[in-house]
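# Secondary and tertiary structure notes
Listed here are the chains, written in short residue letters.
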Amino acid sequence: MREPLSTPNPDALAALPIFPLPNCVLLPGGLLPLHVFEPRYRELTRDCLAGHHLMGIARLRPGYQTGYHGKPPIYERCGVGKIICSEELDDGRFVLLLRGVGRAELARELSGERTYRVVEARQLVDGVVDPAEATDHRRRLITLCDRLAEVIEQGGPQLRDLVRSVDDPGACADAVAAALIMDADARQELLEACCPVMRLQRTLGHVSHLLCELAPCEGAVN
């Protein structure tokens, strides 16, 4: 079994550095490699490594190009990532690997002397759902992923292991979605959804669609 995700430190969320990126959504349980080269984000990385290792991965809203070097608009809900691997290159750039550890909503942007942006954020927690319904959806997701694993050219065994590696139904949906769903809008919708059953249903729909694309079928796959 995967090690359960740790809850982001409340102190870190009170002054969370953010790394705004275009069309990038970090889901809990997902992995994100980063090549950090801009001076402001090198500073952010050094501060994170010296502290709690957490940063918000905030998706830039459309039209960000005109104000990119300032404070372009971002989506209010972001993924919280923890640096789990880092390397500083000779020229000061960084190569990082982040793991998604939670969802957060930006409350307000903080002023300060840093060259990067810092926000006050609050953790988004899952709502209460019927455990039996959530468990049933997780079983269906396992079944679909097993079928998908049979028809993909690479990664079938890893997909089977992944879908079984998380007992919590909502976290299971997050892990599968992080691995299989590439569309930024779809990932943002899943990031913003605090209902585990909703995330499971949407992930089931995406996996079903993938399965039908690779192994043509009639109607929805269950």
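Residues numbered from 1 in each chain as written. Predicted model: local features only at pLDDT ≥ 70, side-chain atom pairs only at ≥ 80, totals over all residues. Heavy atoms only, no water.

With that settled, the discussion passes to the packing of aromatic side chains. Any aromatic ring pair is given by two values, namely how distant the centres are and how the planes are angled relative to each other. Throughout the structure, instances matching the rule amount to 1 aromatic pair. Both rings, one in Phe19 and one in Tyr41, keep their centres 4.2 Å apart while their planes meet at 15°; by these two values the pair is stacked. Of this pair, Phe19 sits in strand S1 (residues 16-22) while Tyr41 sits in helix H2 (residues 39-50), and the two are 22 residues apart along the sequence. Phe19 gets classed as buried once you look at its relative accessible area, which sits at 6%. (Phe/Tyr/Trp six-rings, centres within 6.5 Å; stacked < 30°, edge-to-face > 60°. Helix = DSSP H or I, 4+ residues; strand = E, 2+ residues; numbered from the N terminus. Buried < 20%, exposed > 50% of the residue type's maximum accessible area, 1.4 Å probe, protein only.)

This part takes up the pattern of salt bridges. Inspection of the entire model under this criterion finds 18 salt bridges. Residues Glu43 and Arg114 are paired through a salt bridge, measuring 3.4 Å at the closest nitrogen-oxygen approach. Here Glu43 is found in helix H2, whereas its partner Arg114 is found in the loop between strand S5 (94-110) and strand S6 (117-124), with 71 residues between them in sequence. On the basis of relative accessible area, Arg114 is assigned to the partly exposed category, the value being 49%. Notably, a salt bridge pairs Arg59 with Asp185, separated by 2.8 Å at the nearest N-O pair. Of this pair, Arg59 sits in strand S3 (residues 54-60) while Asp185 sits in helix H6 (residues 184-192), placing them 126 residues apart in sequence. Asp185 gets classed as partly exposed once you look at its relative accessible area, which sits at 45%. Each of Arg103, Asp126, Asp174 and Arg199 takes part in salt bridges that share partners, so that together they form one network. (Salt bridge = Lys/Arg side-chain N within 4 Å of Asp/Glu carboxyl O.)

As a further point, take the pairing of S5. Pairing geometry for strand S2 (residues 31-36) and S5, over 6 bridges, is antiparallel. Pairing of His35 across the sheet is with Val95, part of S5. As judged from the 11 bridges shared by strand S4 (residues 77-88) and S5, these two strands associate in the antiparallel manner. Pairing of Gly81 across the sheet is with Gly100, part of S5. Sheet topology places S5 next to S6; 7 bridges connect them, and they run antiparallel. The residue bridging Arg108 from the neighbouring strand is Glu120, located in S6. Hairpin connection of S5 to S6: 6 residues between the antiparallel strands. (Pairing = 2+ DSSP bridges.)

Let's shift gears to helix H5 (residues 169-180). For H5, which comprises 12 residues, the first-to-last C-alpha distance of 17 Å matches the rise-based estimate of 16 Å (1.5 Å per residue) to within 8%. Counting buried positions over the 12 residues of H5 gives 9, a clear majority of the element. Considered for burial, the residues of H5 that qualify are Pro169, Gly170, Cys172, Ala173, Asp174, Ala175, Val176, Ala177 and Ala178. Next to the buried residues of H5 lie S5, helix H3 (131-151), helix H4 (156-164), H6 and helix H7 (196-214). (Expected span 1.5 Å × (residues − 1). Contact = heavy atoms within 4.5 Å.)

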